Amino acid sequence: VFSPNEDGVNDFFEAYESSGINSAEIRIFNRWGVRVYNGTLDKTPWDGTTNGRLCPAGAYFYWVDYVDVYGQTLTEKGSLTLIR
């Protein structure tokens, strides 16, 4: 759950760097499967907007592809909730 309301608490959703991970790409989709965000470890985290417009509160889904230090590509996916 995150709440991008500029109060300084849980304002962003982002992938964090971790030892053992060389690179990562994160994609976030709305409930209709439309991509609303695409980023990497070194890109600005998702602030709950797409194309400069606020995304509505609700359920979203993330898909993270990352490459570990051994060159193996792995995928993590799950859901998150945006609260306004």
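Residues numbered from 1 in each chain as written. Predicted model: local features only at pLDDT ≥ 70, side-chain atom pairs only at ≥ 80, totals over all residues. Heavy atoms only, no water.

Points about the sheet that holds strand β5 (residues 58-68)
In spatial order, the strands read β2-β1-β5-β6; together these four strands make up an open sheet with antiparallel pairing. The strands lining the two open edges of the sheet, one partner per strand, are β2 (35-40) and β6 (73-82). Strand-to-strand twist across the sheet, computed as the mean angle between neighbouring axes with direction ignored, equals 15°. By the bridge criterion, five bridges tie strand β1 (residues 21-29) to β2 in an arrangement that is antiparallel. Its bridge partner being in β2, arginine 27 is matched across the sheet by asparagine 38. (Pairing = 2+ DSSP bridges. Helix = DSSP H or I, 4+ residues; strand = E, 2+ residues; numbered from the N terminus. Axes fitted to C-alpha atoms, helices over the stretch in contact; angles between N-to-C directions.)

Focus on the confidence of the model for the protein
Counting all residues, the mean pLDDT for the protein is 92, and 99% of those residues have values of 70 or more. When pLDDT is averaged over each helix and strand of the protein, the minimum, 93, is found for β1 and the maximum, 97, for strand β3 (residues 49-50). (pLDDT = per-residue confidence, 0-100.)

Comments concerning the pairing of β6
As defined by bridge partners, β5 adjoins β6 across 10 bridges and the pair is classed as antiparallel. What sits directly across from tyrosine 60, in β6, is leucine 80.

Digging into the side chain of arginine 27
Looking at where arginine 27 falls in the secondary structure, it is placed in strand β1. Non-local contacts of arginine 27, meaning those with residues more than four positions away in its chain, are made with Arg35, Tyr37, Asn38, Phe61, Tyr62, Trp63 and Asp65. (Contact = heavy atoms within 4.5 Å.)

Quick look at the packing of aromatic side chains
Evaluated as defined, the whole model comprises five aromatic pairs. The interplanar angle of 45° and the centroid separation of 6.2 Å between the aromatic rings of phenylalanine 2 and phenylalanine 13 together place this pair among those described as tilted. Taken together, the positions of phenylalanine 2 in the segment before β1 and phenylalanine 13 in the segment before β1 put the pair 11 residues apart, joining distant regions of the chain. For phenylalanine 2, a relative accessible area of 2% corresponds to the buried category. On the numbers, 5.6 Å between centres and 40° between planes, the contact of phenylalanine 13 with tyrosine 62 is tilted. Here the residue phenylalanine 13 occupies a position in the segment before β1, and tyrosine 62 occupies one in strand β5, the gap between them amounting to 49 residues. Residue placement shows lysine 43 over the ring face of tyrosine 37; its charged tip is 5.6 Å from the ring centre. (Phe/Tyr/Trp six-rings, centres within 6.5 Å; stacked < 30°, edge-to-face > 60°. Buried < 20%, exposed > 50% of the residue type's maximum accessible area, 1.4 Å probe, protein only. Lys NZ or Arg CZ within 6 Å of the ring centre and 35° of its normal.)

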